[in-house]
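Structure assessment
The primary structure of each chain is shown beneath.
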Amino acid sequence: MNALRGKAVINALANRSIDYGNLVRTFSKISRRKIHVLRRPQDIRKVRHTLRDDKRTVGFVPTMGALHEGHLALARAAAAENDEVFISIFVNPTQFGVSEDLGSYPRTFDSDMVKLVELNDSLIATKNMGRITTVFAPTTKDIYPSGRPSSEINGDGSFITITPLSRLLEGRTRPVFFRGVATVCMKLFNVVQPDRVYFGQKDVQQTVVVKQLVTDFHLDTTVRVLPTEREPDNLAMSSRNVFLGARRRAAATVVPQSLRIAEQEYLMHDRLKRDEILDPAQVFLHESRKQASTEHGVDWELDYLSLAQLDTMNELDHVDPQKGAILSIALKMLPMLDVREDEETADITRSVRLIDNIILPPRPG
Ligand code: AMP
């Protein structure tokens, strides 16, 4: 694949629409179905108009690429209830703050396409309703025709802001993040005009922002939220996990473990008060941090451990058992200075922020 990489991407972008599936078939002989790669919004529009005339439904999965099973699960869900699945691959610059990792965010277009073609073949084999037919891979100029807006909090640009939601939790550490997300979603939804859009529970605050975007701006689409896909040891899948390296990757299981500990307090011990739910998880994190530091030289900073109301993300002192709540965590794995041989590909000298959450369901009775 590598030899073809530059040429394939250039063709895909320059010709606006290529049969990428055909290209992949040349190598792996796995593809039986066309996936069109379109760059320009007007080309997506044209396809969309035809589909509407033919009364074909479109499910849309927005991504930043570096696809993993979490993304593919969204595409599978979209294929289960739509005729056609559109996937966007666009690393959106405006959701990155000025000092964040935009430049080094993983970009793996070729292998993303291979995964989508393989998934499409499995959809065909299982006689699933829909197919992945279109990848929307715009450039920054295509999405931001008047020029890329500022990543400064007070910078200029055409923005969608959803507050106070966007200032809470993730927004406290990443003040321009949800402005960038809401803005790009508005643009992508306007271009694709999907019947349904698919988002992962993994980024729970993002799902709340997107639902509010759709409600407040009367967008004619339905938001679906799918469960978090996890590695066998329960770490939530994420495109950024590749940067962890072996020792931080092993230590990262404290993220889902701490959530489970808090969840148990609610589910098994009937606790409803904030401190009673969160304290055991805090103690676990504290103890684990000491151990990870002395035994493996791994250290982290806890950004937040939150117990919040699901529809507003406002912090709770007490869970209403009729409503349930959302437990969420953000933890920054700090850079490591001594690079081991088995960690050379991971760039462990940079920090990696991990997020995760679980829903505390309503407790009947
Ligand atoms: P991203 O490419 O990180 O912007 O993610 C694109 C979509 O995939 C978002 O809706 C994410 O919430 C979703 N997603 C990312 N990781 C996971 C996961 N582990 N499980 C389910 N969905 C995920």
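Below, the structure is looked at part by part. Note that the structure is predicted; figures quoted are calculated from it, not measured. (Residues numbered from 1 in each chain as written. Predicted model: local features only at pLDDT ≥ 70, side-chain atom pairs only at ≥ 80, totals over all residues. Heavy atoms only, no water.)

1. Structural notes on the site of the ligand
Our working rule: Nearness here has a simple test: a residue counts as near a molecule or strand if at least one of its heavy atoms is within 4 Å of that partner. Definition of a polar contact: a pair of N or O atoms within 3.5 Å, with one able to donate and the other able to accept a hydrogen when the atoms are protein atoms, and with sequence-neighbouring residues admitted only if both atoms are side-chain atoms. Note on areas: these come from Shrake-Rupley sampling with a 1.4 Å probe, and a residue is covered only by the protein chains present in the view. Strands are runs of DSSP state E lasting at least two residues, helices are runs of H or I lasting at least four, and both sets are numbered from the N terminus onward.
The immediate surroundings of the ligand are formed by 17 residues, with M64, H71, D203, E229 and M237 found nearest. One nitrogen or oxygen atom from the side chain of D203 is found 2.6 Å from an oxygen atom belonging to the ligand. Between the ligand and the protein, one listed contact pairs a nitrogen atom with a backbone N or O atom of M237 at 2.9 Å. Within the complex, the protein chains bury 92% of what would otherwise be the 480 Å² of accessible surface of the ligand. Listed by contribution, the elements that provide at least two residues to the shell around the ligand are β2 (58-63), α4 (69-81) and β5 (196-200). At three residues, the largest contribution of residues to the shell around the ligand is made by α4.

2. Notes on the pattern of salt bridges
Rules: Salt bridge, as applied in this entry: a Lys or Arg side-chain nitrogen positioned within 4 Å of an Asp or Glu carboxyl oxygen. Under the scheme applied here, a residue whose accessible area is under 20% of the maximum for its type counts as buried, over 50% as exposed, and between as partly exposed, the area being computed with a 1.4 Å probe on protein chains only.
Considering all chains together, one arrives at 21 salt bridges under this definition. With its nearest N and O atoms 2.8 Å apart, the salt bridge here joins D142 to R39. Within this pair, whereas D142 is found in helix α6 (residues 140-143), its partner R39 is found in the loop between β1 (36-38) and α3 (41-53), the two being separated by 103 residues in sequence. You can call D142 buried: its relative accessible area is 17%.

3. Digging into the packing of aromatic side chains
Keep this limit in mind: Pairing of aromatic rings covers Phe, Tyr and Trp, the last through its six-membered ring, and needs centres within 6.5 Å; plane angles under 30 degrees mean stacked, over 60 mean edge-to-face, and all others mean tilted.
Tallying each qualifying case throughout the model produces four aromatic pairs. Aromatic side chains F60 and F189 sit 6.3 Å apart centroid to centroid with 85° between the ring planes, which places their arrangement in the edge-to-face category. Of this pair, F60 sits in strand β2 while F189 sits in helix α8 (residues 177-192), and the two are 129 residues apart along the sequence. Given the relative accessible area of 0%, F60 is considered buried.

4. A few points about the packing of α8 against helix α9 (residues 204-216)
Two measures define how a pair of helices packs: the angle their axes make with one another and the distance between the axes. Where we set the bar: Fitted lines through C-alpha atoms serve as axes, helices being fitted only where they are in contact, and the angles separating the N-to-C directions of these axes extend from 0 to 180 degrees. Note on terminology: angles under 35 degrees are roughly parallel, angles over 145 are roughly antiparallel, angles of 65 to 115 are roughly perpendicular, and the others are oblique. When the near helix sits turned anticlockwise from the far one by under a right angle, the crossing is termed left-handed; a clockwise turn instead gives a right-handed crossing. By definition, residues are in contact when any of their heavy atoms lie within 4.5 Å. Amino acid classes used here: Ala, Val, Leu, Ile, Met, Phe, Trp, Tyr, Cys and Pro are nonpolar; Asp, Glu, Lys and Arg are charged; the rest, including Gly, are polar.
Interaxial distance between α8 and α9 falls to 10 Å at its minimum, and their mutual angle equals 50°. Here α8 lies oblique to α9, going by the angle between them. As α8 packs across α9, the resulting crossing turns out to be right-handed. Within the contact between the two elements, α8 uses F177, F178, V181, A182, C185, M186 and F189 and α9 uses Q205, Q206, V209, V210, L213 and V214. Class assignment for the residues of the contact of α8 with α9 results in eleven nonpolar, two polar and no charged.

5. Topic: the packing of α3 against α8
Across the interface, α3 lies against α8 with an axial gap of 8 Å and an inter-helix angle of 45°. Overall, the two elements α3 and α8 adopt an arrangement that is oblique. Here P41, I44, R45 and R48 of α3 lie close against α8, whose contacting residues are N190, V191 and V192. Looking at the contact of α3 with α8 residue by residue, the classes come out as four nonpolar, one polar and two charged.

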